[in-house]
Amino acid sequence: MKNLLIATCFLLTANSFAQGMFGKNPYRNQQQWDQQRVHYGYYLGFSSYNFKFDYKKSFYEKNGSDEILVEPTTGFNVGLVGNLRLMEYLDLRFEPGLYYTRRNLIFPHITNPDQRVRDVASTYIHFPVLLKFSALRAGNIRPYILTGISQSLNLSSNETSKDDNYQGRFRMKKWTANYELGLGIDFYFEHFKFTPSVRGVFGLQDELIRDKNPNSPWTGDIESMKTRGLFINFTFH
């Protein structure tokens, strides 16, 4: 009987919340929120980084179709949000953050099992500048899309290391530029705004630092290596 009473109370509360947020005529929380010229927030989230490789013709001549394999893992993100209102449906956002990720690179054409895998752990300080295009607010929800550019500082790049893959050291450039595209939904609660979002990140520059040996089996036949990433963030304003 006690469990039934608890379940009934929970369902009634959930129904009341759903009606308040998504009902036909919900009470509009934070009615003046979007009129603020500037507001701030913070985010927590998850990320999955990958690489896009382009190869020289000589790579396929030597190795056939055995392209480099990337095994991504799930990393985490944390950062701040600064939002500047430009007009009713357009905002400018700056979202600096710290991103940690790890990728394993597998080189199938290298027969030595001790040399065919490179563990690439990266800690990025991410500096995106984004334009946010919002739809008309419907009750307490407001979807949006955003796009923009970013610079990433890779604190684990090994750019200045004199060692290369022959000493087990995979090297990348410290700075890289990206463009970004994403979407999300603003949920307006009584005391704050909550925003889940998903965003794709696409590197614009070759990030690979080649080995000293131009015929290196790790880097010699690679035309370019660019970041690809997927971010899932949960933002609180």
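Please refer to the structure placed before this passage.
What you see is a predicted model; the values in this text were computed from it and never measured.

Draft legend 1. Broad picture of the overall build of the protein chain. Each helix and strand counted, the protein chain has two helices and ten strands in total. Counting from the amino terminus, helix and strand elements in the protein chain follow one another as α-β-α-β-β-β-β-β-β-β-β-β. Among the 237 residues that make up the protein chain, the fraction classed as buried is 43%. In the protein chain, of all internal contacts separated by at least 6 residues, the share reaching a separation of at least 24 is 70%. Surface summary for the protein chain: the accessible area is close to 13000 Å², and the carbon and sulfur share equals 61%.

Draft legend 2. Region of the structure containing the nonpolar core. One finds Phe51, Phe53, Leu105, Phe107, Phe170, Met172 and Met225 to be the most contacted residues of the largest nonpolar core, which totals 23 residues. Listed by contribution, the elements that provide at least two residues to this core are strand S1 (38–55), strand S5 (97–106), strand S6 (117–134) and strand S10 (222–236). At five residues, S1 tops the list of elements feeding residues into this core. Every residue in contact with Phe53, bar those within four places of it in the chain, is listed here: Ile68, Val70, Leu105, Ile222, Ser224 and Met225.

Draft legend 3. Structural detail: the side chain of Glu180. For Glu180, the position within the fold is in strand S8 (residues 175–188). For Glu180, a relative accessible area of 0% translates into the label buried.

Draft legend 4. Examining the pairing of strand S3 (residues 74–87) more closely. As defined by bridge partners, S1 adjoins S3 across eleven bridges and the pair is classed as antiparallel. What sits directly across from Phe46, in S3, is Phe76. Where S3 and S5 come together, four bridges link them in antiparallel fashion. Bridge assignment links Phe76 to a residue of S5, and that residue is Tyr100.

Rules and cut-offs
Residues numbered from 1 in each chain as written. Predicted model: local features only at pLDDT ≥ 70, side-chain atom pairs only at ≥ 80, totals over all residues. Heavy atoms only, no water. Helix = DSSP H or I, 4+ residues; strand = E, 2+ residues; numbered from the N terminus. Buried < 20%, exposed > 50% of the residue type's maximum accessible area, 1.4 Å probe, protein only. Contact = heavy atoms within 4.5 Å. Areas by Shrake-Rupley, 256 points an atom, 1.4 Å probe, with all protein chains shown as cover. Core = buried A, V, L, I, M, F, W, Y, C linked by side-chain atoms within 4.5 Å. Pairing = 2+ DSSP bridges.

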